[in-house]
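Each chain is listed here by its residues.
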Amino acid sequence: MPFKQRLKFYGIGFALGLTILVTMCNKKGCAGLNERKAQELALQTWKISDVQRCKLNCLGLSTDTLFMKAVRDCYVDYGKSDVHAEPCGTYVLESAKGVVPSFTLLVADCQNTSQLQDIVTAKTCDCK
């Protein structure tokens, strides 16, 4: 079999395999560890104290829908998080770049619930 014919068969097989691979990957999508954890936290039941609710209102996240969208867009800082803490792992979620005002959430992640422990922001809120 001449080299040109082998190259032609190889090219056809490569193009067919690449087409199948692209089709399969487009359907599933690909999410990194950060995105998956943020989505998992957003889907859980949340326990938010009155003080934390006041801080969320001050940030402009007055409804649960706005808060969940903000959580999905957050970046999980695993360097500051203690994922193996007992009884619940703690995660530090930082707001996405470009979000004004920027904020950091400290979240305790238990089995099916997440508890908002603290909100750190540069914006001053009078919540006590």
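Structure's up top.
Residues numbered from 1 in each chain as written. Predicted model: local features only at pLDDT ≥ 70, side-chain atom pairs only at ≥ 80, totals over all residues. Heavy atoms only, no water.

Engineer: Talk me through the packing of aromatic side chains; I want residue IDs and the actual numbers.
Structural biologist: Under the defined criterion, the tally for this structure stands at 3 aromatic pairs. Between Trp46 and Phe67, the ring centres sit 5.0 Å apart and the planes meet at 85°, which makes this aromatic pair edge-to-face. Placement of the pair is Trp46 in strand β1 (residues 45–47) and Phe67 in helix α4 (residues 64–72), with a sequence separation of 21 residues. For the pair formed by Trp46 and Phe67, the shared burial category is buried. Taken together, a centroid distance of 6.2 Å and an interplanar angle of 85° make the contact between Tyr78 and Tyr91 edge-to-face. One end of the pair, Tyr78, is in the loop between β2 (75–76) and β3 (89–94); the other, Tyr91, is in strand β3, and 13 residues separate them in sequence. Here Tyr78 falls in the partly exposed class, since its relative accessible area comes to 31%. (Phe/Tyr/Trp six-rings, centres within 6.5 Å; stacked < 30°, edge-to-face > 60°. Helix = DSSP H or I, 4+ residues; strand = E, 2+ residues; numbered from the N terminus. Buried < 20%, exposed > 50% of the residue type's maximum accessible area, 1.4 Å probe, protein only.)

Engineer: Explain the side chain of Asp77 to me, using residue names and the numbers behind them.
Structural biologist: Turning to its location among the elements, Asp77 is positioned in the loop between β2 and β3. The buried category is assigned to Asp77, whose relative accessible area is 15%. Every residue in contact with Asp77, bar those within four places of it in the chain, is listed here: Val92 and Glu94. (Contact = heavy atoms within 4.5 Å.)

Engineer: Let's hear about the pairing of β3: which residues, and what values?
Structural biologist: Within β3, 5 of the 6 residues are buried, leaving the element largely enclosed by the surrounding structure. Here β2 pairs with β3 via 2 bridges, running antiparallel. Paired with Tyr75 across the two strands is Glu94, which belongs to β3. (Pairing = 2+ DSSP bridges.)

Engineer: Please provide a residue-by-residue account of a nonpolar patch on the surface, values included.
Structural biologist: The grouping of Phe3, Leu7, Tyr10, Phe14, Leu18, Leu21 and Val22 at the surface amounts to a nonpolar patch, some 750 Å² of accessible area in total. Locating Leu21 in the fold gives a position in helix α1 (residues 3–28). (Patch = residues over 30% accessible without salt bridge, like charges linked within 9 Å, V, L, I, M, F, W, Y side chains within 5 Å. Areas by Shrake-Rupley, 256 points an atom, 1.4 Å probe, with all protein chains shown as cover. Salt bridge = Lys/Arg side-chain N within 4 Å of Asp/Glu carboxyl O.)

Engineer: Describe the pairing of strand β5 (residues 113–121), and please don't skip the residues or the numbers.
Structural biologist: The side chains of a regular strand alternate between the sheet's two faces. Judged from the 3 bridges that link them, β1 and β5 form a sheet pairing that is parallel. The residue bridging Trp46 from the neighbouring strand is Ser114, located in β5. Linking two consecutive strands that pair antiparallel, namely strand β4 (residues 103–109) and β5, is a turn of 3 residues.

Engineer: Provide a residue-level description of the layout of surface pockets, including the pertinent values.
Structural biologist: A volume near 180 Å³ is recorded for the largest pocket. Lining the largest pocket are 13 residues; nearest its centre among them are Leu61, Ala70, Val99, Pro101 and Phe103. Among the elements that take part in the lining of the largest pocket, α4 stands out by supplying 3 residues, more than any other. For the lining of the largest pocket, the residue count by class is 10 nonpolar, 1 polar and 2 charged. (1 Å grid on protein atoms, 1.4 Å probe; cavity = no way out; pocket = protein on both sides within 12 Å on 5 of 7 lines; lining within 4 Å. Points joined across faces, edges and corners; volume = space filled by probe spheres on them. Nonpolar A, V, L, I, M, F, W, Y, C, P; charged D, E, K, R; others polar.)

Everything listed here is a matter of geometry and, on its own, says nothing about what the molecule does.
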